[in-house]
Each structure stands twice: as structure tokens, then as C-alpha cells.
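Reading the structure
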Amino acid sequence: KKEQAPSWSPECVGSSSSSSSPRRWVFPFWQKQQQQQQPVGCPSSSSSSSSSSREEKTRSSSPPKWDRGSSGRWIVWGAVASALAVSAKQMLGLFVTRARLAVESRVWTTVEISEADDPKLYRAIVRWLHGRDLLRSGSYKALSAPDDTSKQQQQKQHKERSRATFKPVDDVSFVPLTTSGDTAQFVYRGRRVWARLGGVPSVAGGDPIRAVVSSMRPGAARRAAKAAARQGSAPLTILISTLNTSRDSSQRGGLSEISELLKEALLSAETQDKKYVEVYEIQQSTGRWELSCLARKRPLDTVILKKGLVEDLVQDVRTFVDDEDWYRRRSLPHRRGYLLWGPPGAGKSSVILAIASHFGLPLCTLALGRLGAGASKIPLSEALAAAPPCSVVAIEDVDVAFNATGALDRRAPSAPTADAQSLHELLNAIDGIAAQDQGRILFLTTNDLDALDAALTRPGRCDRTFFLGNADDEMAERLFNSFYADFDDDDDDDVVESRSSKKLVDNAKAFAALVGGERYSMAALQGHLLRHKSDALDALHSAKSHFDPDKKTTDPMIR
Ligand SMILES: Nc1ncnc2c1ncn2[C@@H]1O[C@H](COP(=O)(O)OP(=O)(O)OP(=O)(O)O)[C@@H](O)[C@H]1O
């Protein structure tokens, strides 16, 4: 037994002489070497002295020296050659890109408009191009609101509308869907202009060499951004180019025309936006705020609140909007929060829409349920941070989403509930380090102020708190008047003047005496007047029985 070769013996490598030794596989050239060096009668060599056996073991268990050296040399040469090839390719790429940039910068004047940097301008230019049928992606989103229409069309549609039974005929518009790569070529003020939609914004104002290198060697972040752009979830850019015809190197030919074009686009978007507020909702699939509808603007004077309240709120928002530089100079985050609270149907949502309408700001409504759940949930802080700059963000009924349970658990973070976590999230999202500070106006609404955590309502998160109550006498009177006054439609569709006769004023006072005194919500009064919208007297007389405090009613509109 002792005389048998040990299973690890190198002499027996590849040999099948011993059934007890495991079979080992070796490269043929190595095997050949071993055969050359192997003394005759290999298996019996195990019977020689143990020291000579150990020497042989060491000798044959490692590959021959000349072989290791030569393959090592090949590896080194291979590495050097491939490194040289890669750097030569990079250098060539760098050279070509720099040359291209040098030529381009001389020949072209190019302006980039990025959705991330300036969403308003970006949308305006895209709409301008689509309006002239210049960008033809062929895809549109249908929304139930009219697009820009001429006066004649409006008059025609007005007639048709009066015949329509349910939906006004002009209430459909198509918002273009933009696709990366769409191009347009047109002549503007005698200049040929090229416009191209891109997926990823370029490196703005950075080191040009680094920008070139990063564009040559797409990194993971860039690849991800491109992939996201392909799926439509990354900010888009639009490049507007024209030939640089100026011979003076300090001047850029075509820049003034591009500037005119952009101003025209802004103006035209503004005219279109005169009647509508863009309403955005967060999309759980992309984590982006996307246009969900165009809401008809609500004039401020249609929201009837206690005397001075609307004026106070508008003045506060106006100061905030105008003081952007003041905030910047003091390094204060440019954002403001308002809390509107009061009974249901007091006009909280209406006032938010009216403020967005008055200041021409996009309205982002954040329904917490739309953020999703589990692993695919969009973090609240990310959702708020992604809201378009200079927009009105509304989170309604926060008392339902973040109630006192959350507040209690907040003090015991060792066992936080889902509510408590959400409250933490909301607090951070509103004024954490990463919170949006580009002119965000946040409105929170609640029916129950006491249910809210004090941390949520402190200044910085909610800078001003307004109570919107039930209808007092004056509010009821104004509401009645607004329902039955005669309206003079001015030539300009937006300006409407109302005229109240002496009789109407008296009826309004009588109505106020019946339903005022902060007993009923404005929504309840509106509901009653809507039922009698063609007859003021009928509305007044029926109000006596309808709002009789002694009469038990099951009408849900009466509060
Ligand atoms: N102060 C008001 N002035 C004019 N209309 C009002 C007023 N309050 C409520 N309304 C009308 O009542 C309806 C409901 O109003 P709104 O949704 O703004 O109330 P809300 O306070 O947000 O209610 P909730 O707390 O239930 O969400 C709307 O059609 C609105 O026009």
C-alpha cells in the first residue's frame, strides 16, 4: 500500500495507472515537458528516497521557467498595445470632436433651451413650432380645452356651443407630444433656422474639454440619462441654430433673430395661456410631473371670501413673486407655504386655482395616493423637488393623510407607523435641504386644523394660515348677485362686466338675511342657486323652506 504513488504526485499527472488516484488534466505542452524530464519507470520512482521524490515534485509541479516568462512578456505587450490603441482612439476622437466644435462654433450660432432650466420657455417654443406645424412627431395628447382660436372661429363656435347639449364643441385641444430627434427647418425673419429636439441637456458652462471627453466616453450616468430620455422621462432640450453670418468675431450673427423668435413664442404661449391654467399631476411610472389638463382660469372675484381675505392673500403672493432677488441676495430659499383651513365647501380648492390663474402659474396637484406604494413608491421629497419651478403646488386634505397619529408617533421614532413616516417625509420634503427653492408656492388644505402636527404648520413650512369659513351675510349677498346679474360680454372675451338692478340688490339682501350668519357653506348656497339659476325670485322664495333651520333635511348640500 505504501509503495503506491500518492494521489497528488506530479509524476502521475495524466496517468491512469493507479485506479485510486484521481485523474488530473493538464495542458498538452506541459505534459510533453514532463514526459521529456520523466525518468523511465515513473510509477516505481515512488519507492526512491523521499527527499529526491520531493525535489521532483517541486520541479514538475510548476511550469518550466522559459514558458512562464514568454507568456508574461506576451501579456505585457498585449496590454501596452491595447492601451496604446485605446488612447490613440481617444486622442483621435478628441481631435475630431474639437475640430468639429471649432468649425461649428465659427459657422453656427446655437441656442439651447432646456426643459429642466426653463420649462416655461421650453414649452412655449415647442408649442410655437407645433403651432406652425414645423415639428412633426405626429403624436398628440388630447385635452378637453380649446387651443388658440381666432375671433371668427370663437364666434362660430359660440353659436355651435349654444346648440350643443352637453359638451361645448371647442373643448378639445391637442397638446403635441415631443420626441427626441424631431427636427424642424424653417425661415424666420429672412434667416434659415434649424430646431432639433434632444434627449439630454448638454453640460452647461462647464470645462469644454471635460464636456467633450464625457461626450466621447459615455459614463453610466450619461447612459442612464439617455435611456431615460428614450423612455420620455428625462428633461428634453431644444437646440435652435442658424448660420453665423457675422464677420466680426466678437458678434454672433443670428442671435438677435433667435431672441426675437423666443420672445414671440413666449408671447404666443401667454396669449394661449390667458384662459387656461396648466394642471400637472405626478406620474408614478416616470416620477415626472406631466400635464394632466388645461383648467379654465378662475377669476379671483368669483371666489367670495370674507372681506379683505383674498386681497391679503394676493398681496402676499405678489410680494413673494416680486421679491425673488431679495431672497437670493440673503441666500434664503425662494419658497412660500400657505395653509388654508375651514369647513368643507368653503372655497379652499377654488382659491388655489384662482391664485394660479391670477399669477399665470402652473398648478401641480399632489394626490398622495398617486405616489404608489412599496418599492415603486415615489418618495414625497423627490415628488415635491421635481415640481416645475415657479409653480403652485397643492396638497389637499393633509389632515386625512397626516393626522395626529403621525404626530404622536413622530415623537417615538423607534416604532414609526406608515403615517409617521409619511409625516417625516412631508416635513423634509417641504423644507429639507433638497427641497425645491425655485419660487415654489405650496398650499396645504385641511378641514381640521387641530389634527395637524405643529411642526407642519410652523412658519417656514406654512408661512401664512387663512381660515375660510361658512357664508356670512355679505358673502351670501355677493353670491346671489353674481348668479343673477346681467353680464356684458366685452369684445375681448375675457372682460365681463356685471350689472345689478336695484331689485336684484334688494333680493340679494333678503337672501343673505335668510342664509347668512355663517351657518351654511358657500358650496351649499351655490348648490341651491344652481337649482334655480334661471329665476332669482324662485331661488329666494324656495330658500325660505330649503334652509329652514327647524326643518330636518337629508339634503347633503345643506350644512
Ligand atoms: N368662497 C366661495 N366662493 C365661491 N364659490 C365657492 C366658494 N366656496 C365654495 N364655492 C363653490 O363650492 C364648490 C366647492 O368648493 P371648493 O372645492 O373650493 O371647496 P373646498 O373648501 O375646497 O372643499 P373641501 O374642503 O370639501 O375640499 C365649488 O364649485 C366652488 O365654486
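A quick note: this is a predicted structure, and the numbers were derived from the prediction, not measured.

Attention now moves to the overall build of the chain. On a plain count of helices and strands, the chain comes out with 20 helices and 15 strands. Sorting the 559 residues of the chain into buried and exposed places 37% on the buried side. Contacts in the chain between residues at least 24 apart in sequence constitute 73% of all its contacts with a sequence separation of at least 6. Total accessible area on the chain stands at roughly 32400 Å², and carbon and sulfur atoms take up 54% of it.

Under the criterion given, the structure shown has 12 aromatic pairs. Measuring from centroid to centroid gives 5.1 Å for tryptophan 108 and tryptophan 194, while their planes differ by 85°, and the two rings are edge-to-face. Residue tryptophan 108 is found in strand S1 (residues 108-114), and its partner tryptophan 194 is found in strand S5 (residues 191-198); the two are separated by 86 residues along the sequence. Of the residues examined, tryptophan 108 reaches a relative accessible area of 28% and is grouped as partly exposed. On the numbers, 4.7 Å between centres and 55° between planes, the contact of tryptophan 341 with phenylalanine 467 is tilted.

For the ligand, the set of nearby residues contains 16 residues, the closest of which are Ile304, Gly345, Lys348, Ser349 and Ser350. A distance of 3.0 Å is found between an oxygen atom of the ligand and a side-chain nitrogen or oxygen belonging to arginine 298. Glutamine 526 places a polar side-chain atom, nitrogen or oxygen, 3.0 Å from an oxygen atom of the ligand. In the complex, the protein chains occlude 79% of the 620 Å² of accessible area that the ligand would expose alone. Of all the elements in the fold, those that place two or more residues in the shell around the ligand are helix H11 (348-359) and helix H19 (522-531).

Attention shifts here to the confidence of the model for the chain. Model confidence for the chain is summarised by a mean pLDDT of 73, while 62% of its residues fall at 70 or above. Predicted confidence is poor over residues 491-495, with pLDDT under 50, and the contacts of this stretch with residues over four places away or in other chains come to 10 contacts. Here the predicted complex carries an ipTM of 0.98, next to a pTM of 0.60.

This part covers helix H9 (residues 309-322). With 14 residues, H9 should cover 20 Å at 1.5 Å per step; its first-to-last C-alpha distance of 20 Å lies within 8% of that length. Along H9, the positions that sit buried rather than exposed are Leu309, Val310, Leu313, Val314, Asp316, Val317 and Phe320. Burial along H9 is one-sided: seen end-on, the buried residues are contained in an arc of 160°.

Locating lysine 348 in the fold gives a position in helix H11. Nearest to the buried, unbridged lysine 348 among oppositely charged side chains is aspartate 397, at 6.2 Å. The residues contacting lysine 348, other than those within four sequence positions of it, are Leu340, Trp341, Gly342, Pro343, Thr445, Thr446, Asn447 and Leu468.

Strand order in this open sheet of 7 strands is S8-S7-S10-S11-S12-S9-S13, and the pairing throughout is mixed. Of all strands in the sheet, those with a lone pairing partner are strand S8 (289-296) and strand S13 (464-467), marking the two edges. Averaged over neighbouring strand pairs, the angle between their axes works out to 25° when direction is ignored. H9 rests against strand S9 (334-341), strand S12 (438-446) and S13 of the sheet, and its axis sits at about 165° to S9. Lying over the sheet, H11 contacts strand S7 (276-282), S8, S9, strand S10 (363-365), strand S11 (392-395) and S12, oriented at roughly 165° with respect to S12.

Here we take up the pattern of salt bridges. Scanning the entire structure with this criterion turns up 13 salt bridges. Between arginine 336 and aspartate 316 there is a salt bridge, with the nearest N and O atoms lying 2.6 Å from each other. Taken as a pair, arginine 336 in strand S9 and aspartate 316 in helix H9 lie far apart in primary sequence, 20 residues in all. Grouping residues by exposure puts arginine 336 and aspartate 316 together as buried. Notably, a salt bridge pairs lysine 509 with glutamate 477, separated by 3.1 Å at the nearest N-O pair. With lysine 509 in helix H18 (residues 502-515) and glutamate 477 in helix H17 (residues 473-484), this residue pair connects regions lying 32 residues apart in the sequence. When salt bridges with common partners are traced through the structure, they connect Asp312, Asp316, Arg336 and Arg464 into a single cluster.

For isoleucine 282, the location among the structural elements is in strand S7. If near-sequence neighbours (up to four positions away) are discounted, isoleucine 282 is found in contact with Gly287, Arg288, Trp289, Leu366, Arg370, Leu371, Ile378 and Ala383.

Here the focus is H17. For an α-helix the count is 3.6 residues per turn, leaving residues at separations of three or four pointing the same way. Under the 1.5 Å per step criterion, the end-to-end length of H17 is 17 Å for 12 residues, consistent within 8% with the ideal 16 Å. Inspection of H17 places Met475, Ala476, Glu477, Leu479, Phe480, Asn481 and Tyr484 among the buried residues, and these make up the whole buried set. Two to three positions downstream of the cap, the backbone nitrogen of glutamate 474 sits 3.3 Å from a side-chain oxygen, assigning the N-cap of H17 to aspartate 472.

Next up on the list: the packing of H19 against helix H20 (residues 536-546). At a minimum axis separation of 10 Å, H19 and H20 run at an interaxial angle of 130°. Classified by the interaxial angle, the pair formed by H19 and H20 is oblique. As H19 runs across H20, the sense of the crossing is right-handed. Contacts between H19 and H20 involve His528, Leu529 and Arg531 from the first element and Ala539, Ser542, Ala543 and His546 from the second. Grouping the amino acids of the contact of H19 with H20 by side-chain chemistry returns 3 nonpolar, 3 polar and 1 charged.

On to a nonpolar patch on the surface, then. A contiguous nonpolar patch, built from Trp74, Val76, Trp77, Val80 and Leu84 and spanning about 620 Å² of accessible area, is present on the exposed surface. Topologically, valine 76 is positioned in helix H3 (residues 65-107).

The next point concerns the sheet that holds S5. Strand order across the open sheet formed by 4 strands is S1-S6-S5-S4, with antiparallel pairing between neighbours. Bordering the open sheet on either side are S1 and strand S4 (183-188), each of which pairs with just one other strand. Within the sheet, the average angular offset between the axes of one strand and its neighbour, ignoring direction, is 20°. The pairing of S4 with S5 spans 6 bridges and is classified as antiparallel. Within S5, the residue paired with glutamine 185 across the bridge is tryptophan 194. Here helix H4 (residues 119-131) sits on the sheet in contact with S1, S4, S5 and strand S6 (237-243), set at roughly 65° to S6.

Bringing the pairing of S8 into the picture now. As defined by bridge partners, S7 adjoins S8 across 7 bridges and the pair is classed as antiparallel. By the bridge assignment, glutamate 281 is partnered in S8 with glutamate 290. The antiparallel hairpin formed by S7 and S8 contains 6 residues in its connecting segment, where glycine 287 sits at a positive phi of about 75°.

Cut-offs used in this document
Residues numbered from 1 in each chain as written. Predicted model: local features only at pLDDT ≥ 70, side-chain atom pairs only at ≥ 80, totals over all residues. Heavy atoms only, no water. Helix = DSSP H or I, 4+ residues; strand = E, 2+ residues; numbered from the N terminus. Buried < 20%, exposed > 50% of the residue type's maximum accessible area, 1.4 Å probe, protein only. Contact = heavy atoms within 4.5 Å. Areas by Shrake-Rupley, 256 points an atom, 1.4 Å probe, with all protein chains shown as cover. Phe/Tyr/Trp six-rings, centres within 6.5 Å; stacked < 30°, edge-to-face > 60°. Near = heavy atom within 4 Å. Polar contact = N/O pair within 3.5 Å; in protein donor to acceptor, adjacent residues only side chain to side chain. pLDDT = per-residue confidence, 0-100. Expected span 1.5 Å × (residues − 1). Arc of directions from axis to C-beta. Lys, Arg positive; Asp, Glu negative; His and termini not counted. Salt bridge = Lys/Arg side-chain N within 4 Å of Asp/Glu carboxyl O. Pairing = 2+ DSSP bridges. Axes fitted to C-alpha atoms, helices over the stretch in contact; angles between N-to-C directions. Parallel < 35°, antiparallel > 145°, perpendicular 65-115°, else oblique. Left-handed = near helix turned anticlockwise from the far one by under 90°. Nonpolar A, V, L, I, M, F, W, Y, C, P; charged D, E, K, R; others polar. Patch = residues over 30% accessible without salt bridge, like charges linked within 9 Å, V, L, I, M, F, W, Y side chains within 5 Å.

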